[in-house]
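What follows is the residue order along each chain.
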Amino acid sequence: MTLATLHELRGAYDQCFSPYVWRVKMVLAHLSIDHQRQGHAFTDIGDVAGGGFKTLPVLQDASGATGDSWDISAKLAAESGQDLYGGAAGYSLALYLNGWSGLALLGPILCLHAASICQDLQRKDQDYFRTTREKRLRTSLEELAADPDPQLKKISRALTPFEAVLQQQDFFGGATPVYADYLMFGNFQFARCTGPHDVLTANPVISAWFERCLDLHAGLGRREASFKERHAV
Ligand SMILES: N[C@@H](CCC(=O)N[C@@H](CS)C(=O)NCC(=O)O)C(=O)O
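Residues numbered from 1 in each chain as written. Predicted model: local features only at pLDDT ≥ 70, side-chain atom pairs only at ≥ 80, totals over all residues. Heavy atoms only, no water.

Caption draft 1: Representation of the pairing of strand S1 (residues 4-9) within the structure. In terms of residue burial, S1 counts as a mostly covered element, since six of its six residues are buried. Going residue by residue along S1, you find Ala4, Leu6 and Glu8 tucked away on one face and Thr5, His7 and Leu9 tucked away on the opposite face as well. Of the pairings in the sheet, the one linking S1 to strand S2 (residues 35-40) comprises six bridges and is parallel in character. Bridge pairing links Ala4 to His35 in S2. (Buried < 20%, exposed > 50% of the residue type's maximum accessible area, 1.4 Å probe, protein only. Helix = DSSP H or I, 4+ residues; strand = E, 2+ residues; numbered from the N terminus. Pairing = 2+ DSSP bridges.)

Now the structure itself:
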């Protein structure tokens, strides 16, 4: 049997930092699916799995190649027959968080760490990343990095309602993690791996949950060096 291959984005230090890739990595571990990993630069995505994809992750297995972390996770869950979501209510929560976190968390985290992301990319990716992100964000990466406070406040405010949930239980899934946990984990793992700011300092309950998530699946998340560990800061 051919092993499934997870195609993931990698930087200059071979670091895996994409929030969407991390969601799928946690799902593969949760479902105990054997797989191999292949790293790619931003500028090589067009050639992944025979072409046709614009973003990573892509999962390639016996049935073909699938893009988009949500679709990959749903396919793996369906094939495994396991309840990844925690029932219909958990599925709805995850679907909501999939849309919400792009706006409320990933946008501000990108603004906060765009300059340090760029600096840690493979050289051939740096111009591409700078040009596309400066166009999208309508300012320079350095200007964004100069004033972290507005982004940190946005993130902290957005997270406040989740504190009530995680004060009562260890995970969004209750005593054990579900897809909603992996999805949210991917967002903060992205922050942890890409820049110097600890985005959870003002939200200790969420920070404690994130530490629990880093320990899941034999410390899968913790084994990836943080930006601070990589640069010894
Ligand atoms: N909806 C997609 C989004 C994936 C995505 O945007 N991935 C980024 C990396 S974090 C990417 O590959 N970007 C390609 C580019 O900017 O050229 C998913 O959930 O997988």
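Caption draft 2: Layout of the nonpolar core. Counting residues in each nonpolar core, the largest one holds 68 residues, and the members touching the most others are Leu105, Leu159, Tyr179, Met184, Phe188 and Trp209. Both of domain 1 (4-80) and domain 2 (87-231) provide at least three residues apiece to this core. Setting aside anything within four residues of it in sequence, one finds Met184 in contact with Leu97, Trp100, Leu105, Leu159, Phe162, Phe172 and Trp209. (Core = buried A, V, L, I, M, F, W, Y, C linked by side-chain atoms within 4.5 Å. Domains from an automatic or database assignment. Contact = heavy atoms within 4.5 Å.)

Caption draft 3: Representation of the domain arrangement of the chain in the model. Split into domains, the chain comes out as domain 1 (4-80) and domain 2 (87-231). Placing a centre on the C-alpha atoms of domain 1 and another on those of domain 2 gives a separation of 18 Å. On the side of domain 2, 34 residues touch domain 1, which itself brings 24 residues to the contact. Both sides of the domain 1 and domain 2 interface together cover about 2,600 Å² of buried area, and 67% of this is carbon and sulfur. Broken down residue by residue, the surface that domain 1 buries against domain 2 is led by Arg23, Met26 and Trp70, which jointly contribute 31%. Here Asp44 ties to Lys124 by a salt bridge, and the two come within 2.6 Å at their closest N and O atoms. Elements represented by at least two residues in the side of domain 1 that touches domain 2 include exactly helix H1 (19-30) and helix H2 (69-80). (Buried area = accessible area lost by both parts, 1.4 Å probe. Salt bridge = Lys/Arg side-chain N within 4 Å of Asp/Glu carboxyl O.)

Caption draft 4: Examining the side chain of Ser69 more closely. Structurally, the position occupied by Ser69 is in helix H2. Relative accessible area serves as the criterion here: at 4%, Ser69 is assigned to the buried category. Contacts of Ser69, omitting those with residues within four sequence positions, involve Tyr20, Arg23, Val24, Pro57 and Tyr179.

Caption draft 5: Molecular detail of the packing of aromatic side chains. Applying the stated rule across the entire model yields 15 aromatic pairs. Measuring from ring centre to ring centre gives 6.1 Å for Trp22 and Phe185, while their planes differ by 80°; the resulting arrangement is edge-to-face. One end of the pair, Trp22, is in helix H1; the other, Phe185, is in helix H7 (residues 179-194), and 163 residues separate them in sequence. Take Trp22: its relative accessible area is 1%, and that puts it in the buried class. Seen from their ring centres, Phe172 and Trp209 are 5.7 Å apart, and the 75° between their planes marks the pair as edge-to-face. In this pair, Phe172 sits in the loop between helix H6 (149-168) and H7 while Trp209 sits in helix H8 (residues 204-219), placing the two residues 37 residues apart along the sequence. Like Trp209, Phe172 is buried. (Phe/Tyr/Trp six-rings, centres within 6.5 Å; stacked < 30°, edge-to-face > 60°.)

Caption draft 6: Geometry of the sheet that holds S2. An order of S2-S1-S3-S4 is seen for the four strands of this open sheet, with the pairing classed as mixed. Each edge of the sheet is formed by a strand with only one pairing partner; in this case those strands are S2 and strand S4 (64-67). For this sheet, the mean angle separating the axes of adjacent strands, direction not counted, is 20°. Where S1 meets strand S3 (residues 58-61), three bridges bridge the pair, whose relative direction is antiparallel. In the strand pairing of S3, Leu6 is matched with Leu59. Lying over the sheet, H1 contacts S1, S2 and S3, oriented at roughly 150° with respect to S1. (Axes fitted to C-alpha atoms, helices over the stretch in contact; angles between N-to-C directions.)

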